[in-house]
Amino acid sequence: DWRVRLCSPLAPAQRIDGWRTLQHARRALGDDVGRCYLQADIDGHQEHVAMVARHGQLLGCVAAHQHDATAYRIVPASAEARDLAAVIVAAADWTGGATAQWAGDRAGKRWLVAWQPHFPAGIDGAAQAGWDLVGPLLIAHAGAVTGTSATFARITVDVPLRHDLP
């Protein structure tokens, strides 16, 4: 029993239990096979956390509990998740938004499974639910005093695709 997953940026992770399964999964990836990698298959609870930091200091984070392939429920991050996010952004001296996914094994050890150096696509949904992660970064960058607010502003920039459009 190999207890690994074959991962690729363009395809879902696949459980691999032996040589034949690995060969079949690699062939199915086609041209993307050069960008695939093996990862330990952790039997445990997975967490997705969206976070924002500036110069390695965690400014905020929320947990995203996955309902299905594309739907998440945004909830406050647990104290353990905040602590782990703080360690990650401090080690990377990170500035900006990011999403991390880790798995906790049965012994309680947490394993970083994925790091995406950008805000998740639905970050505006977190703000609408009351957890603004973009605002604290803008405030910290501007040098303003940070704080909490029950309101937020949506800022939209329209970029024309053609110069002859108004």
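Residues numbered from 1 in each chain as written. Predicted model: local features only at pLDDT ≥ 70, side-chain atom pairs only at ≥ 80, totals over all residues. Heavy atoms only, no water.

1. Points about helix α2 (residues 79–92)
Residues three or four positions apart in an α-helix share a direction because the helix packs 3.6 residues into each turn. Convention followed: Helical segments are the DSSP runs of H or I of at least four residues, strand segments are the runs of E of at least two, and each set is numbered from the N terminus. Helices are assigned an expected span. That span is 1.5 Å times one less than the residue count. Accessible area is worked out with a 1.4 Å probe on protein chains only. A residue is then buried under 20% of its type maximum, exposed over 50%, and partly exposed in between. In this description, one arc is meant: the one made by directions from the helix axis to the C-beta atoms.
For α2, spanning 14 residues, the distance from its first C-alpha to its last is 20 Å, which sits close to the expected 20 Å at 1.5 Å a residue. Every buried residue of α2 is accounted for by A81, A85, I88 and V89. Seen end-on, α2 carries its buried residues on one side only, within an arc spanning 90 degrees. In α2, the exposed residues that point more than 90 degrees away from the buried face are D83, V87 and A91.

2. As for the environment of I74
Put simply, the test is: Note on definitions: a residue-residue contact is assigned when non-hydrogen atoms from the two residues lie within 4.5 Å.
Turning to its location among the elements, I74 is positioned in strand β6 (residues 72–76). Not counting residues up to four positions away in its chain, the partners in contact with I74 are V62, A63, A64, A126 and W131.

3. Let's talk about the packing of aromatic side chains
Applied cut-off: Here the aromatic set is Phe, Tyr and Trp, taking the six-membered ring for Trp, and pairing holds for ring centres within 6.5 Å; pairs whose planes are under 30 degrees apart are stacked, those over 60 apart are edge-to-face, and all others are tilted.
Evaluation of the coordinates by the stated rule reveals 2 aromatic pairs. Taken together, a centroid distance of 6.5 Å and an interplanar angle of 55 degrees make the contact between W2 and W19 tilted. Within this pair, whereas W2 is found in the segment before β1 (4–8), its partner W19 is found in helix α1 (residues 19–29), the two being separated by 17 residues in sequence. A residue is classified by how much of its surface remains accessible, and W2, at 38% relative accessible area, is partly exposed. On the basis of relative accessible area, W19 is assigned to the exposed category, the value being 54%. A centroid spacing of 5.4 Å and a plane angle of 90 degrees characterise the contact between W94 and W115, whose relative ring orientation is edge-to-face. Here W94 is found in the loop between α2 and β7 (96–105), whereas its partner W115 is found in strand β8 (residues 110–116), with 21 residues between them in sequence.

4. Observations concerning helix α4 (residues 134–142)
Of the residues making up α4, those classed as buried are G135, L137 and A140. Phi for G143, located one or two positions after α4, is positive at around 80 degrees.

5. Points about unusual backbone geometry
Positive phi, normally seen in glycine, also occurs at R3, with a value near 50 degrees. Within the secondary structure layout, R3 lies in the segment before β1. The exposure class of R3 is partly exposed, given its relative accessible area of 42%. You will see that H55, though not glycine, has its phi angle at about 50 degrees, which is positive. Tracing the sequence through the fold places H55 in the loop between β4 (44–54) and β5 (57–66).

Spatial relationships are all this shows, so hold off on functional conclusions.
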